[in-house]
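# Summary of structural features
The primary structure of each chain is shown beneath.
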Amino acid sequence: MSGRRPLAKDVPAVPRSPVPRRIPVVPLVIGLALLLVVSLGCGVALGAAGIGWVRVFRFLWAGLSGGTVHADDAAAYTIVWEIRLPRVVLGAVVGAGLAAVGVAVQAMVRNALADPFVLGISSGAAVGANAVILLGAFAGLGVWALSVSAFASALAAMTLVYAVARSPHGLTPLRLILTGTALAYGFEAVTTVMVFGAARGEAARSAMMWLLGSLGGATWAQVPLAAGTVAVGWTWLRRRAEALNALAMGDETSAALGVQPGRLRRELFLVTAAVTGTVVAVSGAVGFVGLMVPHVVRMLVGADHRRVLAVAPLAGAVLLVWADILSRLLLAPAELPVGVITAVVGVPAFLLLMRRGGYAFGGR
């Protein structure tokens, strides 16, 4: 047997996995921003009541410039300015918030299947919302009753999840996921009992619409708080993007890089819970946006949270605006819950994404 060492040409080449191409962030952000503007215009123009594009844009210009509208157009103007426009704007805000929080939650718990609702916040908000819809609680608050009750119960759920998940070793990802999941089942059980005990069938239907997500009750009064909360939360996450990169690599690695994982996880918990509670209070439990959008964006721009957080909110906003448009048109004049549309679109898209060769959480 020859003792010669194998030459380089004798060693079979090991195939290298191709490095995925990444789309430059700036052109992608510009493209998504333009698409969002077009989507908002379509969301205002399309609906069960045919108004026409020319009249729609005339009404929008009148509303923005303080112009007047002919008396014969008063009803159509109300539909455009007071019903459709706040609805599509709120849809964009909710979609952006859910997508941004989805990115943060997946980094916080280092779990590819995590989304904003894994913390149990949305299930807690459902208890308060259904107390208003089914039992008439907080009736003295008028139009604010649903949002205030949902947000208050979301904060209560957040406090409970934090208190139970916290241990002498801090807020670990596994305990956070298990606690949020377990308490979410408990909150859902309470909601189910309330729905089955409802005396009015229409109230139970409204409760189910809210549980599956709906923007049908959107008003201008809801937009500033939701938009402000999402903007503040996104800004904070963007400033902590480098720390999120470290946290996603594990607690030991992040500690070695100068990041305190326990403290950062507590801060992330508070930010994500506040944003989730706010958007759920105005839109109901819209699923799949916070789960699917971060994965799609990582596939396009890579795993760096600076890039992902620049793109994900715009992608989430576009997705939810079009989901809401479809929810209004598919069975017009009846309306589907927007969460049904996001699930119908999200399930096959997510399964297709998972089957892509070489894709894994973290962008590889």
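Below: a short report on this structure. Model, not experiment: these values are computed from the prediction. (Residues numbered from 1 in each chain as written. Predicted model: local features only at pLDDT ≥ 70, side-chain atom pairs only at ≥ 80, totals over all residues. Heavy atoms only, no water.)

Looking at where Val-296 falls in the secondary structure, it is placed in helix 12 (residues 289–301). Looking at Val-296, the relative accessible area reads 30%, which means it is partly exposed. (Helix = DSSP H or I, 4+ residues; strand = E, 2+ residues; numbered from the N terminus. Buried < 20%, exposed > 50% of the residue type's maximum accessible area, 1.4 Å probe, protein only.)

The biggest cluster of nonpolar side chains holds 85 residues, and the ones touching the most others in it are Leu-90, Met-108, Leu-176, Trp-210, Leu-268 and Phe-269. Looking at this core element by element, the count peaks at 15 residues for helix 3 (residues 74–109). Look past the residues within four positions of Met-108 in its chain and what remains in contact with it is Leu-119, Pro-173, Leu-176, Leu-247, Arg-265, Leu-268, Phe-269 and Thr-272. With 11 residues, the next largest nonpolar core counts Ile-51, Phe-59, Trp-81 and Leu-85 among its residues. (Core = buried A, V, L, I, M, F, W, Y, C linked by side-chain atoms within 4.5 Å. Contact = heavy atoms within 4.5 Å.)

Next up on the list: the packing of aromatic side chains. What the rule picks out here adds up to five aromatic pairs. For the pair Tyr-162 and Phe-269, a centre-to-centre distance of 5.8 Å together with 35° between the ring planes defines the contact as tilted. You can see Tyr-162 sitting in helix 5 (residues 145–165) and its partner Phe-269 sitting in helix 11 (residues 261–283), a full 107 residues away along the chain. One aromatic cluster is present, built from ring pairs that chain together Phe-59, Tyr-77, Trp-81 and Trp-220. (Phe/Tyr/Trp six-rings, centres within 6.5 Å; stacked < 30°, edge-to-face > 60°.)

Working note: a packed helix pair is described by the angle between its axes plus the distance between those axes. Contact pair helix 2 (residues 53–65) / helix 3: the axes reach a minimum separation of 9 Å and the direction vectors enclose 75°. Here helix 3 runs roughly perpendicular to helix 2, going by the angle between their axes. Across from Arg-55, Val-56, Phe-59, Leu-60, Gly-63 and Leu-64 in helix 2, the residues of helix 3 making contact are Ala-76, Tyr-77, Val-80, Trp-81 and Leu-85. A per-class count over the contact of helix 2 with helix 3 returns nine nonpolar, one polar and one charged. (Axes fitted to C-alpha atoms, helices over the stretch in contact; angles between N-to-C directions. Parallel < 35°, antiparallel > 145°, perpendicular 65-115°, else oblique. Nonpolar A, V, L, I, M, F, W, Y, C, P; charged D, E, K, R; others polar.)

Size it by volume and the largest pocket reaches roughly 610 Å³. Forming the walls of the largest pocket are 24 residues, and the residues nearest its centre are Phe-117, Ser-122, Ser-123, Ala-184 and Glu-188. Per element, the largest residue contribution to the lining of the largest pocket is nine residues, and it comes from helix 6 (residues 173–196). Within the lining of the largest pocket, the residues separate by chemical class into 15 nonpolar, seven polar and two charged. (1 Å grid on protein atoms, 1.4 Å probe; cavity = no way out; pocket = protein on both sides within 12 Å on 5 of 7 lines; lining within 4 Å. Points joined across faces, edges and corners; volume = space filled by probe spheres on them.)

Right, let's talk about the environment of Ala-145 for a bit. Mapping Ala-145 onto the fold places it in helix 5. On a C-alpha basis, the gap between Ala-145 and Val-132 in space is 6.8 Å, while along the polypeptide they are 13 residues apart.

Turning our eyes to something else, we now look at the side chain of Ser-153. Of note, Ser-153 is situated in helix 5. Residue Ser-153 is classed as buried on the basis of its relative accessible area of 15%. In contact with Ser-153, other than residues within four places in its own chain, are Gly-124, Ala-125 and Gly-128.

In this section: helix 5. Over its 21 residues, helix 5 runs 30 Å from end to end, which matches the ideal 30 Å to within 8%, given 1.5 Å per residue. Among all positions of helix 5, only Ala-145, Ser-147, Ser-149, Ala-150, Ser-153, Ala-154, Ala-157, Met-158, Val-161 and Ala-165 are buried. (Expected span 1.5 Å × (residues − 1).)

Quick look at unusual backbone geometry now. Among all residues save glycine, negative phi is the norm, and among peptide bonds the norm is trans. One non-glycine residue, Phe-288, adopts positive backbone phi at about 80°. Examined against the element boundaries, Phe-288 turns out to sit in the loop between helix 11 and helix 12. Under the relative-accessibility criterion, Phe-288 is labelled partly exposed at 21%.

In short, shape yes, function no, at least from these values alone.
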